[in-house]
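Given next are the chains, with one letter for each unit.
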Amino acid sequence: MYQQAFSTNVKPHFENQKNVELCCHPLRDYIGNLQVFVARNVGQTYKIHYRSFSSAAKLIQRNPSFSTLNADDVKHFKEILGEKNVIEDEDTLSTANVDWMRKYKGSSKLLLQPRSTEEVSQILKYCNSRRLAVVPQGGNTGLVGGSVPVFDEVIVNLGSMNSIISFDEVSGILVCEAGCILENLDSFLANKGFIMPLDLGAKGSCQIGGNVSTNAGGLRFVRYGSLHGNILGLEAVLANGTVLDMLGTLRKDNTGYDLKQLFIGSEGSLGIVTKVSILTPPKLSSINLAFLACKDYFSCQKLLLEAKRKLGEVLSAFEFLDNQSMDMVLTHLEGVRNPLPPSMYNFYVLIETTGSDESYDKEKLEAFLLRSMEGGLISDGVVAQDINQASSFWRIREGITEALMKAGAVYKYDLSLPVEKMYKLVEEMRLRLGPSAKVMGYGHLGDANLHLNISTSQYDDTVLAQIEPFVYEWTSGHRGSISAEHGLGLMKANEIHYSKSSETVQLMASIKKLFDSNGILNPYKSAEFIIFPEISHFLFNYIECEGNQDSIAELGQTNNGKYAEEVIWMENFYLSYQLRSWVLIVITSHSCKEVSGIVS
Amino acid sequence: MKIMVAVKRVIDYAVKIRVKPDKTGVETSNVKMSMNPFCEIALEEALRIKEAGLASEVIAVSMGPTQCVDTLRTGLAMGADRAIHVDAPATLYPLSVAKILKALVDIEKPGLLILGKQAIDDDCNQTGQMVAGLLKWPQGTFASKVVLDKEKQVATVDREVDGGLETLCLDLPAVITTDLRLNQPRYATLPNIMKAKSKVIKKVTPDELNVEIKSDLELVQVTEPPKRKAGVIVSSVDELIDKLKNDAHVF
């Protein structure tokens, strides 16, 4: 019935089991591009580049253990939420099914709009009992396909949970529901004399629950730090409907494990965040912004160091973009002009200061800039004289993403790297890709966060093969992170091993299993496919069975039944879908290798 | 020829205006103040005329409390050669401003006085016209294009009027007030900010200019415009017609 067409080819790898630390992703065929995956070449090329960019979603297989939505389900949801909040309308669904970048498209048939935590809890309880997959959605402004369904997952949109629960004007602690739009919170706070500790380009549509779930970074990061520090508490609903009330409003609380941190940045894979409590800093009245030109990357770095030293307490943003990014904005965005004379500068830097005394801050900034200019760190620069000018400077930096969308296909990478090595990757990538692609580097220099963007006229697998896995390997090699602030989502779910050790990933998988045993929350996008190392041995044994049913049955009973559950699961999975191929990722201490197989 | 430009310090164009609770005016404390955008355009035009070799010096003038010096510094950083600060109370009405400007024109004798068509705080749109009247100079208001002829000593000004464009020919000296589309003001560059540090800002008082500040206007109350009422979604054409007829009284 089954034949191991490859077994002799892959055996050498398996025989070396002692060096193998972890064998994971047995369900890599979810993602495996069956076409690219050339069975005959298995023996020669273990490393197969099937990471598909724009069409990744199409190549993943739907997890057969999930049920399909039926009329009874819809009826049940209508009972919980009322007719109005159960949306089956195609127009609304088509927007909710596609991400902001229009790169990932799901085919969900149902959008739910709960208005309370209780409703979220009931939805999840039901979905869990029915094994209906769920994708939590906020403003749907993510860049890695984490907020859209991959197949027919039920979309739970938190947008209707948008009330502000309380605000303490002394401590600046805001408690609100997850569906509040960031900009609305910011305007609410502005009236009270406070601001949100984060600010990002998508502020007009992104929701705080999504910001928390993705641990969004943004422009105020350098000053106010990560959400891990600013979120004082949250309320989340687990997959089985349990409501976890961790909505503390205390700055200090050392009692037990700080579990709320697990929900910050886990991209909705552990639970749905329904309420948050945030520490907000006071709004400072004096904001100054300078747009500067530097001749080389080294000057940008030195300028950052100097700015930290000399502007210290007032420095609130330090952003950079290269000449190529600037060109992109000037070419594709209307009404944007280069604030500096059009002579060629290689790098541009934005420095923002926020303080409490207008004239003192301005004097301080100007003195710093003039000194830096005399010292040769800055080649030229302008200082915004009013808010309008400041907005037009920010427009350049924030408009890069939009300009890239207009320019054609774009491959986006959000990396965290040591500042001094950051731009080297851009240069290497430029050399690697040649003139056919425009390689741009920009980002939050102050946080050592590089946005590497590659623009081509259209999506092309050969270009992609040139970029990946090179970019991940390079980043990993320099001990960087392959996702600084965008998250993993669908785009990078399987690249986690470039940034996290196998032991860490294992633990993540156990946590996922503990929180969401059926894996219904935001599937296909997290560490859920990863099976622990001891199972790798099981897999080897499974392969050894060569499809012989008796041997498989025997295997299920060995190990004191330890792997029985997995056997049943594997059997169900392979049989029900008659999958012809699968991939294993074998992580050794130094590198990652993929091994694939065909079961026909 | 010298060009004199008046620049006003106003609440920044991008700031959301809040009325003081006691209704005596709008909140200005802890609010970002900037140069009036129309004044910025006026200054830019003066600088362009100077750069084209048609003027020798650009003088920026501002009236009000000490903080107006910041606005003048911005003007100097944009490229004005020197500045005059008239130390006066915060609230000045157009006629007082026009009188002070006339007194300064009498001292400085510029060939051209360029102003913004209005300030975005009080939206008066009177100062340019008043000072032209006091000086008995020709005026070209709402200019969207200015062409200077040095030989003939005339300025040709395109004005944006309701029916389209009107072109005026003014004998110099003249008063020009600027409209939005005249030009796009420059940014203050670091080298210019540096240079501006050594430029002179002369301080004078209305008394020294023999101008008496008084107003015939009395401010009764400042209130916010009524808030827009929330809309309603109608479910049918009939309901729409009904609403239009009975609630909106359109028919």
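Keep in mind it's a predicted model, so treat the numbers as computed, not measured.

The rules behind these values
- Residues numbered from 1 in each chain as written.
- Chains lettered and ligands numbered in written order.
- Predicted model: local features only at pLDDT ≥ 70, side-chain atom pairs only at ≥ 80, totals over all residues.
- Heavy atoms only, no water.
- Helix = DSSP H or I, 4+ residues; strand = E, 2+ residues; numbered from the N terminus.
- Buried < 20%, exposed > 50% of the residue type's maximum accessible area, 1.4 Å probe, protein only.
- Areas by Shrake-Rupley, 256 points an atom, 1.4 Å probe, with all protein chains shown as cover.
- Contact = heavy atoms within 4.5 Å.
- Salt bridge = Lys/Arg side-chain N within 4 Å of Asp/Glu carboxyl O.
- pLDDT = per-residue confidence, 0-100.
- 1 Å grid on protein atoms, 1.4 Å probe; cavity = no way out; pocket = protein on both sides within 12 Å on 5 of 7 lines; lining within 4 Å.
- Points joined across faces, edges and corners; volume = space filled by probe spheres on them.
- Nonpolar A, V, L, I, M, F, W, Y, C, P; charged D, E, K, R; others polar.
- Domains from an automatic or database assignment.
- Phe/Tyr/Trp six-rings, centres within 6.5 Å; stacked < 30°, edge-to-face > 60°.
- Lys NZ or Arg CZ within 6 Å of the ring centre and 35° of its normal.
- Patch = residues over 30% accessible without salt bridge, like charges linked within 9 Å, V, L, I, M, F, W, Y side chains within 5 Å.
- Axes fitted to C-alpha atoms, helices over the stretch in contact; angles between N-to-C directions.
- Parallel < 35°, antiparallel > 145°, perpendicular 65-115°, else oblique.
- Left-handed = near helix turned anticlockwise from the far one by under 90°.
- UniProt positions renumbered as here; feature names shortened; annotations may be inferred.
- Pairing = 2+ DSSP bridges.
- Buried area = accessible area lost by both parts, 1.4 Å probe.
- Polar contact = N/O pair within 3.5 Å; in protein donor to acceptor, adjacent residues only side chain to side chain.

## Structural notes on the overall build of chain A
Okay, step 1: Assigned secondary structure in chain A consists of 23 helices and 19 strands.
Okay, step 2: In chain A, which comprises 600 residues, the proportion classed as buried is 58%.
Okay, step 3: Accessible area of chain A: about 24,600 Å², with a carbon and sulfur share of 50%.

## Looking at the overall build of chain B
Okay, step 1: Broken down by element type, chain B carries six helices and twelve strands.
Okay, step 2: For the C-alpha atoms alone, the extent of chain B along its principal axes is close to 70 × 40 × 40 Å.
Okay, step 3: Out of the 251 residues belonging to chain B, those deemed buried represent 43%.
Okay, step 4: In chain B, of all internal contacts separated by at least 6 residues, the share reaching a separation of at least 24 is 70%.

## Here we look at the pattern of salt bridges
Residue and element names in this part refer to chain A.
Okay, step 1: By the definition in use, this model includes 36 salt bridges over all chains.
Okay, step 2: Residue Arg430 is joined to Asp322 by a salt bridge in which the shortest nitrogen-to-oxygen separation is 3.1 Å. You can see Arg430 sitting in helix H16 (residues 419-433) and its partner Asp322 sitting in strand S12 (residues 315-322), a full 108 residues away along the chain.
Okay, step 3: Residue class for Arg430 comes out partly exposed when judged on its relative accessible area of 23%.
Okay, step 4: Taken together, the shared-partner salt bridges connect Asp186, Asp199, Lys203 and Arg220 into one network.

## What to know about the confidence of the model for chain B
Okay, step 1: Across chain B, the average pLDDT comes to 92, with 100% of residues at 70 or higher.
Okay, step 2: Reported confidences for the modelled complex are a pTM of 0.75 and an ipTM of 0.82.

## Some words on the layout of surface pockets
Residues and elements named next belong to chain A.
Okay, step 1: Taken as a whole, the second largest pocket spans an internal volume of roughly 1,800 Å³.
Okay, step 2: Forming the walls of the second largest pocket are 45 residues, and the residues nearest its centre are Ala190, Ile195, Lys283, Ile287 and Ile387.
Okay, step 3: Broken down by secondary-structure element, the contributors of at least two residues to the lining of the second largest pocket are helix H6 (182-192), strand S11 (286-294), S12, strand S13 (347-355) and helix H14 (387-398).
Okay, step 4: In terms of residue class, the lining of the second largest pocket is made up of 19 nonpolar, twelve polar and 14 charged.
Okay, step 5: Both of domain 2 (164-279) and domain 3 (286-485) provide at least three residues apiece to the lining of the second largest pocket.

## Considerations on the packing of aromatic side chains
Aromatic ring pairs are reported here in terms of the distance separating the ring centres and the angle at which the planes meet.
Okay, step 1: If you walk through the whole model with that rule in mind, you get 19 aromatic pairs over all chains.
Okay, step 2: Ring geometry for Phe66 of chain A against Tyr524 of chain A: centres 6.3 Å apart, planes inclined by 90°, an arrangement best described as edge-to-face. In this pair, Phe66 of chain A sits in the loop between helix H2 (56-59) and helix H3 (71-81) while Tyr524 of chain A sits in the loop between helix H20 (502-515) and helix H21 (533-544), placing the two residues 458 residues apart along the sequence. Taken individually, Phe66 of chain A and Tyr524 of chain A each receive the classification buried, so the pair is uniform in this respect.
Okay, step 3: Consider the rings of Phe167 of chain A and Phe194 of chain A, whose centres lie 5.2 Å apart with planes at 75°: the pair is edge-to-face. With a gap of 27 residues between them, Phe167 of chain A in strand S6 (residues 164-168) and Phe194 of chain A in the loop between H6 and helix H7 (208-213) connect regions that are remote in the sequence.
Okay, step 4: Here a set of aromatic residues connected by ring pairs shows up, and it is made of Phe291, Tyr345, Tyr348 and Phe393 of chain A together with Tyr187 of chain B.
Okay, step 5: Above the face of the Phe470 of chain A ring, Arg432 of chain A is positioned so that its terminal group lies 4.1 Å from the ring centre.
Okay, step 6: Over the aromatic face of Phe142 of chain B sits the side chain of Lys117 of chain B, whose NZ or CZ is 5.5 Å from the ring centroid.

## Describing a nonpolar patch on the surface
Residues and elements named next belong to chain B.
Okay, step 1: A cluster of nonpolar side chains, namely Val237, Ile241, Val250 and Phe251, defines an oily patch on the protein surface of about 410 Å² accessible area.
Okay, step 2: For Ile241, the position within the fold is in helix H6 (residues 237-247).
Okay, step 3: For Ile241, a relative accessible area of 36% puts it in the partly exposed group.

## Some details on the packing of helix H12 (residues 323-332) of chain A against helix H15 (residues 400-407) of chain A
Residues and elements named next belong to chain A.
Okay, step 1: Following both chains from N to C, one finds H12 and H15 inclined at 70°, their axes separated by 9 Å at the closest point. The angle between H12 and H15 falls in the class roughly perpendicular. Crossing angle aside, the handedness with which H12 passes H15 is left-handed. Within the contact between the two elements, H12 uses Ser325, Met328, Val329 and His332 and H15 uses Ile400, Ala403, Leu404, Lys406 and Ala407.
Okay, step 2: Grouping the amino acids of the contact of H12 with H15 by side-chain chemistry returns six nonpolar, two polar and one charged.

## Looking at the UniProt feature "domain: FAD-binding PCMH-type" (unreviewed entry) in chain A
Okay, step 1: Taking the numbering used here, the UniProt-annotated feature "domain: FAD-binding PCMH-type" (unreviewed entry) corresponds to residues 104-283 of chain A.
Okay, step 2: Helix and strand shares over residues 104-283 of chain A are 24% and 22% respectively, and the end C-alpha atoms of the span are 38 Å apart.

## A word on the UniProt feature "domain: Electron transfer flavoprotein alpha/beta-subunit N-terminal" (unreviewed entry) in chain B
Okay, step 1: Per the UniProt annotation, the sites labelled "domain: Electron transfer flavoprotein alpha/beta-subunit N-terminal" (unreviewed entry) are residues 23-213 of chain B.
Okay, step 2: Across residues 23-213 of chain B, helical content stands at 30% and strand content at 31%; the span's end C-alpha atoms are separated by 24 Å.

## So, the sheet that holds strand S1 (residues 2-6) of chain B
Residue and element names in this part refer to chain B.
Okay, step 1: With mixed pairing, nine strands are arranged side by side in an open sheet as S9-S8-S7-S10-S6-S1-S4-S5-S12. Here the strands that pair on one side only, and so sit at the sheet edges, are strand S9 (164-171) and strand S12 (201-204). Averaged over all pairs of adjacent strands, the angle between their axes in this sheet comes to 30°, without regard to strand direction.
Okay, step 2: Note that strand S7 (residues 139-149) and strand S10 (residues 174-178) share three bridges and pair parallel.

## Some details on the sheet that holds strand S8 (residues 231-237) of chain A
Residues and elements named next belong to chain A.
Okay, step 1: One open sheet holds the five strands; their spatial order is S6-S7-S10-S8-S9, and the pairing between them is antiparallel. Edge positions in the open sheet fall to S6 and strand S9 (243-246), since each of these has one partner strand only. Across the sheet, the mean angle from the axis of one strand to that of its neighbour is 10°, orientation sign disregarded.
Okay, step 2: Examined bridge by bridge, S6 and strand S7 (residues 173-177) share four bridges and lie antiparallel to one another. Residue pairing in the sheet places Asp168 in a bridge with Ile173 of S7.
Okay, step 3: Packing against the sheet, H6 makes contact with S6 and S7, and its axis sits at approximately 35° to S6.

## So, the interface of chain B and chain A
The figure often quoted for interface size is the accessible area lost as the parts come together.
Okay, step 1: Taken together, the contact pairs 21 residues of chain B with 24 residues of chain A.
Okay, step 2: If you sort the residues of chain B by the area they bury against chain A, Lys32, Tyr187 and Leu190 of chain B come out on top, with a joint share of 38%.
Okay, step 3: Between Glu366 of chain A and Lys197 of chain B there is a salt bridge, with the nearest N and O atoms lying 2.8 Å from each other.
Okay, step 4: Between the two partners, chain B and chain A, sit eleven residue pairs in polar contact (both at pLDDT 80 or more).
Okay, step 5: For the side of chain B that touches chain A, the secondary structure elements donating two or more residues are strand S11 (188-189) and helix H5 (190-196) of chain B.
Okay, step 6: When residues of the side of chain B that touches chain A are assigned to their parent elements, the largest contribution, four residues, is made by H5 of chain B.
Okay, step 7: The residue inventory of the side of chain B that touches chain A, partitioned by class, reads ten nonpolar, five polar and six charged.

## Things to note about the side chain of Lys32 of chain B
Okay, step 1: Position of Lys32 of chain B relative to the elements: it lies in the loop between strand S2 (9-11) and strand S3 (33-35).
Okay, step 2: Engagement of the side chain of Lys32 of chain B in a polar contact is seen with the side chain of Glu358 of chain A, the distance being 3.3 Å.
Okay, step 3: Excluding residues within four positions of it along the chain, Lys32 of chain B makes contact with Ile287, Glu358, Gln385, Asp386 and Ile387 of chain A together with Val10, Ile11, Asp12 and Val15 of chain B.

## Thoughts on the confidence of the model for chain A
Okay, step 1: For chain A, per-residue confidence averages 79 on the pLDDT scale, and 78% of positions sit at 70 or higher.
Okay, step 2: A low-confidence stretch, residues 1-58 of chain A (pLDDT under 50), is modelled with 172 contacts involving residues beyond four sequence positions or located in other chains.

## Considering the environment of Leu507 of chain A
Residue and element names in this part refer to chain A.
Okay, step 1: Assignment of secondary structure puts Leu507 in helix H20.
Okay, step 2: Looking at Leu507, the relative accessible area reads 54%, which means it is exposed.
Okay, step 3: Spatially, the C-alpha atom of Leu507 lies 37 Å from that of Leu321, the residues being 186 residues apart in sequence.

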